[in-house]
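If you want the building blocks of each chain, they are given just below.
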Amino acid sequence: MIQSMRRFCRIKNGVNGMGITIEFSRLIYSPAYRSCNVVCHVLVLQMAISATAALQRAHPPVVDVSVFSHVLEVNSSKKAQFVPMFGEPGDIDSSVNDGSEIRLRLEGHSGSGIKSQNSVFRGFFSAGIKLPCGFGGNSAGIVSAFYASNGGSYPSNHDEIDLEFLGVRPGHPYVIQTNIYADGSTGTGREERFNLWFDPTVGFHNYSILWTYHHIVFFVDDIPIRRYVSRPELGVPYPTKPMNAFATIWDGSTWATEGGQYHVNYTQGPFDATFTNLKLEGCVWDPRLQIAAPECALHTYKAWFNDNAMQEMSAKQMIALEWARSNFMWYSYCDDLERWPVQPPPECPKKLGNLNNLVTSGTPPSPRKGPWRKTPKSKPFARHQPPTLPRVPGQKHKRKIGSRTKLDAFHQLPFSLWKTK
């Protein structure tokens, strides 16, 4: 009986659907199972439910939106060199898998982090990341991050582009938070939060940032989840200085998991975040060594990151962006009425396009809670997902646009339908 259950757990963790069906059938028809008590039956049922959930998470959307497979390397640092930034001895291990991976560890005494040796002005930041998973799947309070920043070179007016992964309680989907600061605008957080549609602790997934003179796009496995457009005519801050790439893991117990209600349980550690295939591609520029900006920093320089195609998104990418935001985004600073009761920041939507087929009349929604508070219990609203992409089963955070007026609904729309003045 125990051997069958162990085989079942191994197959479940491998997310093999056919194996789950066969092994579970053998288990329930075995003499040991028929003679098992009620507690044993309940345990097996829980394992079957967990395996089914794992199987559903294992099928991300099939969307071919890769745009960086054939990027020309122009003054780039594709194989980025990283150096330790903080952490105790042994917390940073670059010998994993023959040196192709870097493991960062969080224990009670410290977190850890690394920093790229090169600064890059515009370009592409990317890493394959496997996130930490404590005993029993508890990663509450942990913050793993891959981001770009120039705080060391510009402490009073720094820029930053964040991908932060917020640990969760067992049975809850991992949360990814994106954020942007520019020219020292740290007083205005531009957070957006998404549930990941897969288990990021069992294997590597690619997380990327595209930064051009026109927009910043965040990608998860080549699927765009957020686009932030430069709007200088509105006075919107936008990163304009070279940045280093960083990878870190640290204790964010005071805020990271459901508003700080759940802290890191170090008895279930240590907690490891593993990084591989770290890339920086763009204009290499070290402002500490170069007084004048290099030629590649010019807007007219002939490089892939200045190409017109990199300033727009294809129709397929827009559909994928809409799909991700409709199904998995559950917080955006633009629709936080507690932080912005009168008017959100200027880049947030002001007008609607033609949404006659999407929105009906009705009463406005209640205010949404901020990122530091617990997720509201009421089911968020969502758009109908595009018909060209597969439906995602079992999602609890779909954002349906219900019975509301156009003016009341504009904060709930994905970026692809936002219209600004």
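Shown above is the structure to which this text applies.
Just so it is clear, the model here is predicted, and its values are computed rather than measured.

K.L.:
Mind showing me how you'd approach the overall build of the protein here?
P.N.:
Each helix and strand counted, the protein has six helices and 15 strands in total. Here the protein holds 421 residues, and the buried ones make up 51% of them.

K.L.:
Honestly, the sheet that holds strand S2 (residues 92-96) in this entry has me stumped. Any pointers?
P.N.:
Sheets are built from strands that pair by backbone hydrogen bonding, the pairs being arranged parallel or antiparallel. The sheet built from seven strands is open, its strands ordered S2-S3-S14-S5-S10-S11-S12 with antiparallel pairing. In this open sheet, the two edge strands, each paired with only one partner strand, are S2 and strand S12 (223-229). Neighbour-to-neighbour, the strand axes of the sheet open up by a mean angle of 25 degrees, direction not taken into account. Against the sheet, helix H5 (residues 315-328) engages strand S11 (215-220) and S12, with an angle of about 95 degrees to S12.

K.L.:
So what exactly am I meant to see when it comes to the pattern of salt bridges here?
P.N.:
Side-chain pairing between opposite charges can occur once the charged atoms of the two side chains come close. Under the counting rule described, the total for this entry stands at 11 salt bridges. A salt bridge links Arg103 to Asp93; the shortest N-O distance between them is 3.8 Å. Placement of the pair is Arg103 in strand S3 (residues 101-106) and Asp93 in strand S2, with a sequence separation of 10 residues. When its relative accessible area of 13% is taken as the criterion, Arg103 is described as buried. Salt-bridge contacts for Glu312 lead to Arg227; the nearest nitrogen and oxygen are separated by 3.9 Å.

K.L.:
What should I look at first to understand the packing of aromatic side chains in this one?
P.N.:
Geometrically, a pair of aromatic rings is defined through the distance of the ring centres and the angle of the planes. Overall, the coordinates contain 11 aromatic pairs when judged by the stated rule. Look at Phe165 and Tyr207: their rings are 4.7 Å apart centre to centre, the planes differ by 70 degrees, and that puts the pair in the edge-to-face class. Remark: Tyr207 occurs in strand S10 (residues 205-211) and Phe165 occurs in strand S7 (residues 160-166); sequence separation between them is 42 residues. Each member of the pair, Phe165 together with Tyr207, is buried. Arranged with centres 5.5 Å apart and planes meeting at 80 degrees, the rings of Trp304 and Phe305 form a pair that is edge-to-face. Among the residues examined, Phe305 registers a relative accessible area of 0% and is labelled buried. The ring of Tyr154 carries Lys241 above its face, with NZ or CZ at 5.4 Å from the centroid.

K.L.:
Got a minute to help me understand the environment of Pro242 in this structure?
P.N.:
With respect to the helices, strands and loops of the structure, Pro242 is situated in the loop between S12 and strand S13 (244-251). You can call Pro242 buried: its relative accessible area is 2%. Considering only alpha carbons, one finds Pro242 and Pro287, 45 residues apart in sequence, at a separation of 7.5 Å.

K.L.:
Which parts of the structure should I look at to understand the pairing of strand S6 (residues 142-149)?
P.N.:
Remember that side chains alternate between the two faces of the sheet whenever the strand is regular. Burial runs high along S6: eight of the eight residues are buried. What you see with S6 is no split at all: Ile142, Ser144, Phe146 and Ala148 on one side and Val143, Ala145, Tyr147 and Ser149 on the other are buried throughout. Two elements, S6 and S13, share eight bridges in a ladder whose sense is antiparallel. Across the sheet, the residue bridging to Ile142 is Asp251, located in S13.

K.L.:
In this structure, what is going on with the side chain of Asp91? I would like to understand it.
P.N.:
With respect to the helices and strands, Asp91 occurs in the loop between strand S1 (82-86) and S2. Of the side chains bearing the opposite charge, Arg103 lies closest to the buried Asp91, which forms no salt bridge; the N-O distance is 5.6 Å.

K.L.:
Explain unusual backbone geometry here, please?
P.N.:
Both trends apply: most residues other than glycine have a negative phi, and most peptide bonds are in trans. Cis peptide bonds are those with omega within 30 degrees of zero, and the linkage from Gly269 to Pro270 qualifies with 5 degrees. For Pro270, the position within the fold is in the loop between S13 and strand S14 (271-284). Despite not being glycine, Arg122 shows a phi value in the positive range, around 60 degrees. Relative to the elements of secondary structure, Arg122 occurs in strand S5 (residues 120-130).

Parameters and conventions
- Residues numbered from 1 in each chain as written.
- Predicted model: local features only at pLDDT ≥ 70, side-chain atom pairs only at ≥ 80, totals over all residues.
- Heavy atoms only, no water.
- Helix = DSSP H or I, 4+ residues; strand = E, 2+ residues; numbered from the N terminus.
- Buried < 20%, exposed > 50% of the residue type's maximum accessible area, 1.4 Å probe, protein only.
- Pairing = 2+ DSSP bridges.
- Axes fitted to C-alpha atoms, helices over the stretch in contact; angles between N-to-C directions.
- Contact = heavy atoms within 4.5 Å.
- Salt bridge = Lys/Arg side-chain N within 4 Å of Asp/Glu carboxyl O.
- Phe/Tyr/Trp six-rings, centres within 6.5 Å; stacked < 30°, edge-to-face > 60°.
- Lys NZ or Arg CZ within 6 Å of the ring centre and 35° of its normal.
- Lys, Arg positive; Asp, Glu negative; His and termini not counted.

Function-wise, these values are silent; they only describe arrangement.
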